[in-house]
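Given next are the chains, with one letter for each unit.
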Amino acid sequence: MSRYPHTRLFSDPHRSVVLSGPHIHVLNTETGHVLHTTANFADQDKDALIKSGPIRCSAISREGRYLAIAGDDKRLKIWDIESLTLLSARELPKKPTSIEFTKSNDIVVADKFGDVFRYPLHPSAESIIDKKENDLSASHENPSGGELVLGHASLLTSCLLSPDEQFIITADRDEHIRVSWYPQGYTIESYCLGHEKYVSAIHLPISAPASLISGGGDPDLKVWDWMTGRLQRNIAVFAIVEPFIKVKAQKRKRGPQDDENQGDETLKGNAKRKNKGKGKRNTASSLEPEDSSFQQHAEVSTHSSLATETVFVLRRIGSFVFRSETHVVFSAVGATAIFEFILTETDDRPGIRHFDFGKPVIDFMVLSNGSIWALLDADYLGEADAATEREGKLVREIRWSIDQFVEAGSSALLDCLNCTCSLSATTQDLKVLDLYSDLLSLPKSVEAEAESRAREPSEPLPRRLEDSGEGDGASTAGNGKGLTKRAIGRMKHKRALERLAQGQMDGPEVPGPDSKRMKADADDDEDVDDNAKMDLT
């Protein structure tokens, strides 16, 4: 029987929280005993959880007391972990892509419309009444009175706060990374420009907080001085990761006009499933019209007759310190291994090592001692796995030892995660969970991935796009295919961003945040206008 894989794990010395589909389990870290689980709720409450759909985004407060989650029902739910009691549920304007807790237990939510809102831990009636006055600049109304922090013109993929919470770093599907003041998000500190593909993961190492590591669809990771927006180095990773990407996306044929409606169509066969479920009350997997372009299902087929495409999407970046060296670890969607390299100030080609689990890595958690807990799609069967057992481990622990990862022995917590917390799931449940949707929702053209990946990072964009006139689609590439107005406009926009980045690098030294804050206090209105002109996204 199929099982729900674990999709997120939080752990501290006292309690651990693991998420499985729509369910939450709270465990004693030392003994592995299950303290609370939604799987034991009354039938009515359990049915409500299942109807709300799988948990898509989650975060735990700094002190480990509160859990914030959101799913396909677009409701921000706050749970008291100690008793696993639902404290509040607020409607979100759009489906979220990232949730973060602040030190004061405010909740920062990024969504698929490119906006970041801040919510108090406990909702108040006054904030909901005043929402229309505060959010006139938002791309959509906020039904729960969230305070708008900033907005992008594209789907936000990642969002994190600096350690001192003076800045917020956001990344989007259109290759942009923006550093803004927090909570005054209208004041932009810098841009980190240089990605040619979507940015799906960003990370600030605790041991090197001045460096930002980012990755997504590009064949390399990028290391930035995020305060100035300067690119420090590129670290090529795709050639190392590609052999371990076992989950493929079904290849799609795209015409020249498909770019206008990118992502609006799902994979072959999804339309039938979508229509089949229409009208049923069990709508956990139903899609909203305005979000359909981002809810594509990356179905995996074991039939060799179906053409598939390798798509590179970085899933998560983490780090730990071992013998005074910062080790960076990362995973990719659909890859069976976790990868590691040592972060240095000068080395552009560090040795990249890996640990292969044999099953796709869904997510991982890094502990300060170098221990990594990997969450696996243990029941995944690819072409090469047809004869293997399905009942593999859902969670495995590895530890760093001198120059390689070694698998840790059994523990009470690990045994509980693999046995007691294992919940059965139907085929339909797993389709709704849709673990690999990023393989289709992030790339704008799956077929263009291989061609774009072959381009050197330093290779300039086609000059003809910048020199073209109205962009009526008459311009043709070397292969004779026409380009749409949207494609030409995007390429022009990218060239403008490159020129802006080059101007920042060649210009005078950027003043520090303190001097900028004093200037903002002296002439706030002028600074707002200047930053509005800078915001090209």
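What comes next is a walk through the structure. The written sequence of each chain sets the order in which its residues are numbered from 1. Predicted model: local features are reported for residues with pLDDT of at least 70 only, side-chain atom pairs are reported and counted for 80 or more only, and whole-chain, interface and lining totals are derived from all residues. No hydrogens and no water enter the side-chain calculation; it runs on all heavy atoms of the structure.

**Description of the overall build of the chain**
Note on conventions: DSSP H or I runs of at least 4 residues are helices, E runs of at least 2 residues are strands, and numbering of each starts at the N terminus. Looking only at helices and strands, one finds 13 helices and 30 strands in the chain. Residue exposure (1.4 Å probe, protein chains only): buried if accessible area is under 20% of the type maximum, exposed if over 50%, otherwise partly exposed. By the burial criterion, 52% of the 537 residues in the chain qualify as buried.

**Overview of the pattern of salt bridges**
Opposite charge on two side chains makes pairing possible when the charged atoms of those side chains draw close. Here a salt bridge means any side-chain nitrogen of Lys or Arg lying within 4 Å of a carboxyl oxygen belonging to Asp or Glu. Tallied over the entire structure, the rule returns 15 salt bridges. Linking D379 and R3 is a salt bridge whose minimum nitrogen-to-oxygen distance equals 2.8 Å. Linking D379 in the loop between β28 (371-376) and β29 (395-401) with R3 in the segment before β1 (6-11), this pair joins segments that are 376 residues apart in sequence. Here R3 falls in the buried class, since its relative accessible area comes to 9%. Salt-bridge contacts for D220 lead to K222; the nearest nitrogen and oxygen are separated by 3.6 Å. On the basis of relative accessibility, which here comes to 6%, the residue D220 falls in the buried class. One network of salt bridges, with partners in common, ties together R8, R315, R316 and D363.

**Here we look at the sheet that holds strand β13 (residues 156-161)**
Strands are treated as partners if at least two bridges between them are detected by DSSP. An order of β13-β14-β15-β16 is seen for the four strands of this open sheet, with the pairing classed as antiparallel. Lying at the two open borders of the sheet, with one neighbouring strand each, are β13 and β16 (188-191). Within this sheet the neighbouring strands show an average axis-to-axis angle of 20 degrees, counted without direction. Summarising the sheet, β13 and strand β14 (residues 167-172) pair through five bridges and their orientation is antiparallel. Note on β14: the bridge partner recorded for C159 is T170. Axis lines are fitted through C-alpha atoms, for helices just across the contact stretch, and the angle between N-to-C directions can take any value from 0 to 180 degrees.

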